[in-house]
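# Inside the fold
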Amino acid sequence: MENWQKDFLEILEDVTDEVEHFFVGVTEVVDSFFEVSETIASQLQNTIEIEFDLYLQDWAEPLFDVYSDLEDVMNDLEQPFPHLVEPTDTRHPACKGCSQYHGQVYNGNLLVCGMHPYGWEDNNCPDWQSSN
């Protein structure tokens, strides 16, 4: 083989090596870019999640406070109209069958009777009268 052919083959080998090094470098740059992009995306996602959670807390907390206050008001009101509570063996047993028993609940307070608004403590009320 002549010298020019040998030189030409060497040049081709050098160009091939340089092109291969170029593509290895480009691959490394692209890989680095993707790593940086993933890191930035992860940090951005974390920041957005934190900011969104804080925004929701700022927005929802007053609503929860209003709901809680409204729930307290509704619990205080219980029932707007009086309702009857019958005496049982465990609750106001001295009032069972008494004509004086009132048993109405007003704004959460039970009025047992006119003589004993909170009821009698034992089973024998001195003011008991038969309802018959």
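Quick caveat: nothing in here was measured; it's all calculated off a predicted structure. (Residues numbered from 1 in each chain as written. Predicted model: local features only at pLDDT ≥ 70, side-chain atom pairs only at ≥ 80, totals over all residues. Heavy atoms only, no water.)

### What about empty space enclosed by the protein?
As a reminder of what qualifies: A pocket, in this scheme, is an open set of points on a 1 Å grid over the protein atoms alone with protein on both sides within 12 Å along at least 5 of 7 lines, while a cavity is a set where a 1.4 Å probe fits but cannot get out; residues line either one if an atom lies within 4 Å of a point. Grid points are joined across faces, edges and corners, and a volume is the space filled by probe spheres set on the points. Put simply, Ala, Val, Leu, Ile, Met, Phe, Trp, Tyr, Cys and Pro go in the nonpolar bin, Asp, Glu, Lys and Arg in the charged bin, and everything else, Gly too, in the polar bin.
For the structure on display, the rule yields 1 cavity of 30 Å³ or more. Estimates place the volume of the largest cavity at around 80 Å³. For the lining of the largest cavity, a count of residues per class yields 10 nonpolar, 3 polar and 1 charged.

### Quick look at the side chain of His116
We apply this condition: What counts as a helix is a DSSP run of H or I of at least four residues, what counts as a strand is a run of E of at least two, and both are numbered from the N terminus. Here, two residues are considered to be in contact whenever any of their heavy atoms come within 4.5 Å of each other.
Mapped onto the fold, His116 is located in the segment after β3 (109–111). If sequence neighbours within four positions are ignored, His116 has contacts with Cys125 and Asp127.

### Topic: the environment of Val19
When you line up the elements, Val19 lands in helix α1 (residues 3–77). Along the primary structure Val19 and Gln43 are separated by 24 residues, whereas in three dimensions their C-alpha atoms are 36 Å apart.

### Considering the nonpolar core
For clarity, the threshold we go by: In this description, a nonpolar core means a group of buried Ala, Val, Leu, Ile, Met, Phe, Trp, Tyr and Cys residues linked to one another through side-chain atoms lying within 4.5 Å. Burial here depends on accessible area, computed with a 1.4 Å probe over protein chains only, as a share of the maximum for the residue type. Under 20% is buried, over 50% is exposed, and the range in between is partly exposed.
In this structure, Cys95, Tyr101, Val105, Leu110 and Val112 together form the largest nonpolar core, which totals 5 residues. Ignoring anything within four residues of it in the chain, the contact list for Val105 reads Phe81, Pro82, His83, Val85 and Leu110.

### A few points about the sheet that holds strand β1 (residues 83–84)
Condition: Strand pairing follows a simple DSSP-based rule, namely that at least 2 bridges must link the two strands.
The 3 strands are arranged β1-β2-β3 in an open sheet whose pairing can be described as antiparallel. Every other strand in the sheet has two partners, leaving β1 and β3 as the edge strands with one partner each. Pairing geometry for strand β2 (residues 104–106) and β3, over 3 bridges, is antiparallel. Looking at β3, one finds that Tyr106 is bridged to Asn109.

### Quick notes on a negative patch on the surface
Inclusion rule: Exposure above 30% relative accessible area and the absence of a salt bridge qualify a residue for a patch, where like charges join within 9 Å and nonpolar side chains (Val, Leu, Ile, Met, Phe, Trp, Tyr) within 5 Å. Surface accessibility follows the Shrake-Rupley procedure with a 1.4 Å probe radius. Residue values consider only the protein chains on display as shielding. Throughout this description, the term salt bridge denotes a Lys or Arg side-chain nitrogen within 4 Å of a carboxyl oxygen of Asp or Glu. Under the counting rule used here, the positive set is Lys and Arg, the negative set is Asp and Glu, and His together with the chain ends is not counted. Lys charges are placed at NZ, Arg charges at CZ, Asp charges at CG and Glu charges at CD.
Side chains of Asp7, Glu10, Glu13, Asp14, Asp17, Glu18 and Glu20 sit close together on the surface and give a patch of like negative charge. Checked against the element boundaries, Glu20 lands in helix α1.

### Quick word on a nonpolar patch on the surface
Taken together, the side chains of Ile11, Val15, Val19, Phe22, Phe23, Val26, Val30, Phe33 and Phe34 make up a nonpolar region of the molecular surface, amounting to roughly 850 Å² of accessible area. With a relative accessible area of 40%, Val19 lands in the partly exposed category.

### Some details on unusual backbone geometry
Trans peptide bonds make up the majority, and among non-glycine residues the majority have a negative phi. The backbone of His92 sits at a positive phi, close to 55 degrees, despite the residue not being glycine. With respect to the helices, strands and loops of the structure, His92 is situated in the loop between β1 and β2.

### Notes on the confidence of the model for the protein chain
Should the pLDDT be low somewhere, the predicted coordinates at that spot are not to be read in detail. For clarity, the threshold we go by: Values of pLDDT, the confidence the predictor places in each residue, fall between 0 and 100.
Per-residue confidence for the protein chain averages 84 on the pLDDT scale, and 92% of its residues sit at or above 70. Mean pLDDT values over the elements of the protein chain span from 81, in β1, up to 88, in β3.

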